[in-house]
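Chain and residue survey
Each chain, written out:
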Amino acid sequence: MPAAHPQSVEERTRAFYDNEGWVAGDDGVTGEDAYFRNTAPERAAYDEKCDRKARDLLSGFSGELLIAGPGDFPKSHALASEPFDAVHCVDISEQSLSICRRRLGDKGRYKCGSLLDLPAANESVDAALCAHVLFHIDKDDQARAVSELIRAVKPSGRVVFVYMNPNAPLMLIQRFLKFFGVHKMLKADKLYCFAHPPRWWETAAKGCAVTIHPYNIMSRNQTRALLPIPALRRRVFSWASKYEDRNPRMAARLWSYIAVEINKPA
Ligand SMILES: C[S@@+](CC[C@H](N)C(=O)[O-])C[C@H]1O[C@@H](n2cnc3c(N)ncnc32)[C@H](O)[C@@H]1O
C-alpha cells in the first residue's frame, strides 16, 4: 500500500543530507563520507587530480561563481572558487549551508533553495558549478535544473556539471551487481540516483555548446567492490591518470564520471 504522504525525491534527499549526509557521527565522520567517500590511499593522488578538474574547466572566468549543491564545500569547490570575488552557494540542505559558511566565510552568499527553482536572477553570475548533484534529482526534472543554471549565467558564461555516465563499462557492471542486491550491501542505495546517457546533454543544454570531459574513472564504492587488492588499485589509478591525459575523448566514454562543460552563447 502506498505511504499516506509519499515524499518527493527532493524531500527525501533533503532529509538524508540534513539528518545524516552532512551530520558527523560520534566518530566525526559524516554520512556522505561513510557511504560514498570511504577512500583508499592508493587512489589519493588520482583524487587530488580530480579535485583540480573543475578549477581547470573554469579557468579564465572570474567575478561571481554560483555553486549549486555545494554540500560540505569539498576541496574541488575551494579550488574552483579561488579566482572568483564572490561565491553563491545554493543547496536544499541547511546543514550543507552551515558547513559552507564555516569554510568559505564572507566570500560566500548562502541561499537555501532548489536547482529546480533557482534563487538567482537571470544572467547574474559569470560561471556555475554543479558537482555530484544532478543525478540525485528526479530524472524528469533534470533538464529543468540544467536550464535554470544556464539561465543564471551571463552570455558567454560557462556551466560545469560533474555527472555519471550510465554507459560506462563499470556502470553496466554496477547495474548487473545491483540486480543481485550488492548495491544494498554497499549502502549505496541511500539516495535516489539516475543518470541520462551522454547524448542527452545536447538536448538538455539547448542552444549551448557542450563538451564532455573525463572526470573520475570510478567511484569509491566501485573501487572497494571491484579492486579489493591494494597493488591492483595502485596500478589501475596510475594507468587511469596517464590514459585520460593521452586519450580524453575515449576516457570520457569509459569513465563512470564525466565533467560536462556548457558554454552559453554571447
Ligand atoms: C552528493 S552531494 C555533492 C556535494 C558536492 N557538490 C560534491 O561535489 O561533493 C549533493 C548535494 O546536493 C544537494 N542537492 C540535492 N538536490 C538538490 C536540489 N534539487 N537543489 C539544491 N541542492 C540539491 C544536497 O543537499 C547535497 O548537499
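Tallying secondary structure elements over the chain gives twelve helices and seven strands in all. Relative to a compact globule of 266 residues, whose C-alpha radius of gyration would be 18 Å, the chain shows 18 Å and is just as compact. Based on the C-alpha atoms only, the size of the chain along its principal axes is roughly 50 × 50 × 35 Å. Looking at the chain alone, contacts between residues at least 24 apart form 71% of all its contacts between residues at least 6 apart.

Around the ligand, 22 residues are found, and the nearest of them are G69, H77, D91, A131 and H132. Note that an oxygen atom of the ligand is positioned 2.9 Å from one of the side-chain N or O atoms of W22. Between an oxygen atom of the ligand and a side-chain N or O atom of H132, the distance comes to 2.9 Å. Protein contact buries 97% of the 600 Å² of open area that the ligand shows by itself.

For H132, which is not glycine, the phi torsion reads 60 degrees and is therefore positive. A positive phi is found at S156, a non-glycine position, where the angle reads about 70 degrees. With respect to the secondary-structure elements, S156 resides in strand β5 (residues 153-164). The class for S156 is partly exposed, based on a relative accessible area of 44%.

Further remarks concern the packing of helix α3 (residues 44-57) against helix α11 (residues 230-246). Two quantities define a packed helix pair, namely the angle between the axes and the distance from one axis to the other. Running from N to C, α3 and α11 point in directions that differ by 30 degrees, and their axes come no closer than 10 Å. Counting all contacts with α3, which are made through Y46, K49 and K53, the residues of α11 involved are F237, A240, S241, E244 and D245. Its residues assigned to classes, the contact of α3 with α11 shows three nonpolar, one polar and four charged.

Under the criterion given, the structure shown has 14 salt bridges. Two residues, E244 and K49, come together in a salt bridge whose shortest N-O distance is 2.9 Å. Residue E244 is located in helix α11, and its partner K49 is located in helix α3; the two are separated by 195 residues in the primary sequence. Comparing E244 with K49 shows no difference in burial state: the two are buried.

Its location among the elements puts C89 in strand β2 (residues 84-91). Taking the C-alpha atoms as reference points, C89 and C100, eleven residues apart in sequence, are found 7.7 Å from one another.

Quick notes on the rules
- Residues numbered from 1 in each chain as written.
- Predicted model: local features only at pLDDT ≥ 70, side-chain atom pairs only at ≥ 80, totals over all residues.
- Heavy atoms only, no water.
- Helix = DSSP H or I, 4+ residues; strand = E, 2+ residues; numbered from the N terminus.
- Rg over C-alpha atoms; globule rule 2.2 N^0.38 Å.
- Contact = heavy atoms within 4.5 Å.
- Near = heavy atom within 4 Å.
- Polar contact = N/O pair within 3.5 Å; in protein donor to acceptor, adjacent residues only side chain to side chain.
- Areas by Shrake-Rupley, 256 points an atom, 1.4 Å probe, with all protein chains shown as cover.
- Buried < 20%, exposed > 50% of the residue type's maximum accessible area, 1.4 Å probe, protein only.
- Axes fitted to C-alpha atoms, helices over the stretch in contact; angles between N-to-C directions.
- Nonpolar A, V, L, I, M, F, W, Y, C, P; charged D, E, K, R; others polar.
- Salt bridge = Lys/Arg side-chain N within 4 Å of Asp/Glu carboxyl O.

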